[in-house]
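Coordinate analysis (summary)
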Amino acid sequence: MKNLLHLIAIIALTIVTQIGGVVYVVTLITLQQVKSKSILKGSSLFIFLYFITTFLVTPILAPIFGREKIKETEFLEAHSFFYKLANRDYVKPELQQLLDNTSKAYAKSNKNIKLIHLDASFPFFDKFPLLPHLSHNDGKKIDISLIHQDDNAALTNRKKSVSGYGVFENSQLREYNQNLACQKRGFWQYDFPKYLSFGTINDDIIFSNSGTKNLISEILKDNNLSKLFIEPHLKSRLNLSNNKIRFHGCRAVRHDDHIHIQVK
């Protein structure tokens, strides 16, 4: 039973963080070498090794695999510390440049409003899955938060869920309901992110049509952009027509809680 629990922990940590399983194995080996069975010592050692590996070692090694840790600035940041802690904030240099250019340009016309990112990719190995995403496995993709506004119609950096996912800007009357269409075709997972919000917050803010449209317009200016995914009803509502804005398909999940972008 003990070995089974260790195996489950290794698999779970690998799925969520990529490197956590390796760190866990190193921790177990170290404890065996020093003949320690203390849970407190084991937990402390794992946390120490994990932080060292995540924040010191991995950023140095990632460029070997063509990726780099997202550099946060006054214009660009992760929605949650989790994305940095779980090594889900690695991108190709071309995507880093897009994020830098877009966030700076957007902030010029929208004072104090940042580009907030969610999941990007893991630091190592192409095709290593970053679950629950289907395609975040090569450093070329990242999810960006929608823009919201407060009761005074002022743009805000606050979001509507703890994770940044799972609180949707649903289709309105007379707008095409892609979520319903996909689920009628049997794609039950299409609105699965509603289970990944980890709680709703900031009920006083609402989706900003102009703020989100302006952000997408800035993203589209980058020549390295390959595709941008957003839910069809939002594309229509925001009057967006660029051919790089695509429908992601019913096999994915709905994109009215975030924007997905990818570079060539």
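Structure first, text after, so check above.
Residues numbered from 1 in each chain as written. Predicted model: local features only at pLDDT ≥ 70, side-chain atom pairs only at ≥ 80, totals over all residues. Heavy atoms only, no water.

1. Re the packing of helix α5 (residues 93-109) against helix α7 (residues 209-220)
At a minimum axis distance of 9 Å, the contact between α5 and α7 shows a crossing angle of 135 degrees. The angle between α5 and α7 places the two elements in the oblique class. Considering only the axes of α5 and α7, their crossing is right-handed. Residues L98, T102, A105 and Y106 of α5 touch α7, and the partners they reach there are G211, N214, L215, E218 and I219. (Axes fitted to C-alpha atoms, helices over the stretch in contact; angles between N-to-C directions. Helix = DSSP H or I, 4+ residues; strand = E, 2+ residues; numbered from the N terminus. Parallel < 35°, antiparallel > 145°, perpendicular 65-115°, else oblique. Left-handed = near helix turned anticlockwise from the far one by under 90°. Contact = heavy atoms within 4.5 Å.)

2. Quick notes on the pattern of salt bridges
Inspection of the entire model under this criterion finds 13 salt bridges. The shortest N-O distance in the salt bridge between D204 and R158 comes to 2.9 Å. Separated by 46 residues along the polypeptide, D204 in the loop between α6 (178-184) and β8 (206-207) and R158 in the loop between β7 (155-156) and α6 bring together distant segments of the chain. Note on D204: relative accessible area 34%, which makes it partly exposed. On the basis of relative accessibility, which here comes to 32%, the residue R158 falls in the partly exposed class. (Salt bridge = Lys/Arg side-chain N within 4 Å of Asp/Glu carboxyl O. Buried < 20%, exposed > 50% of the residue type's maximum accessible area, 1.4 Å probe, protein only.)

3. Looking at helix α1 (residues 2-17)
For α1, which comprises 16 residues, the first-to-last C-alpha distance of 22 Å matches the rise-based estimate of 22 Å (1.5 Å per residue) to within 8%. A positive phi of about 70 degrees marks Q18, the residue just after α1. (Expected span 1.5 Å × (residues − 1).)

4. A look at the state of the cysteines
Here the structure, examined in full by the defined rule, presents one disulfide. Residue pairing for C182: its cysteine sulfur links by disulfide to C250, the two sulfurs lying 2.0 Å apart. On the S-S bond that ties C182 to C250, the torsion sits near -75 degrees, and the link is left-handed. A residue pair is termed long-range when its members are at least 10 positions apart, and C182 in helix α6 and C250 in the loop between β10 (245-246) and β11 (258-263) qualify at 68 residues. Taken individually, C182 and C250 each receive the classification buried, so the pair is uniform in this respect. (Disulfide = S-S within 2.5 Å.)

5. Focus: the nonpolar core
L99, I142, I216, I259 and I261 are the most contacted members of the largest nonpolar core, which totals 29 residues. Looking at this core, the elements with two or more residues in it are α5, β5 (141-145), α7, β9 (225-229) and β11. Those residues within four positions of L99 in sequence are excluded, and the remaining contacts are I70, L76, L115, I142, I144 and I261. Judged by nonpolar contacts, the second largest core, of eight residues, contains V23, F46, Y90 and F124. (Core = buried A, V, L, I, M, F, W, Y, C linked by side-chain atoms within 4.5 Å.)

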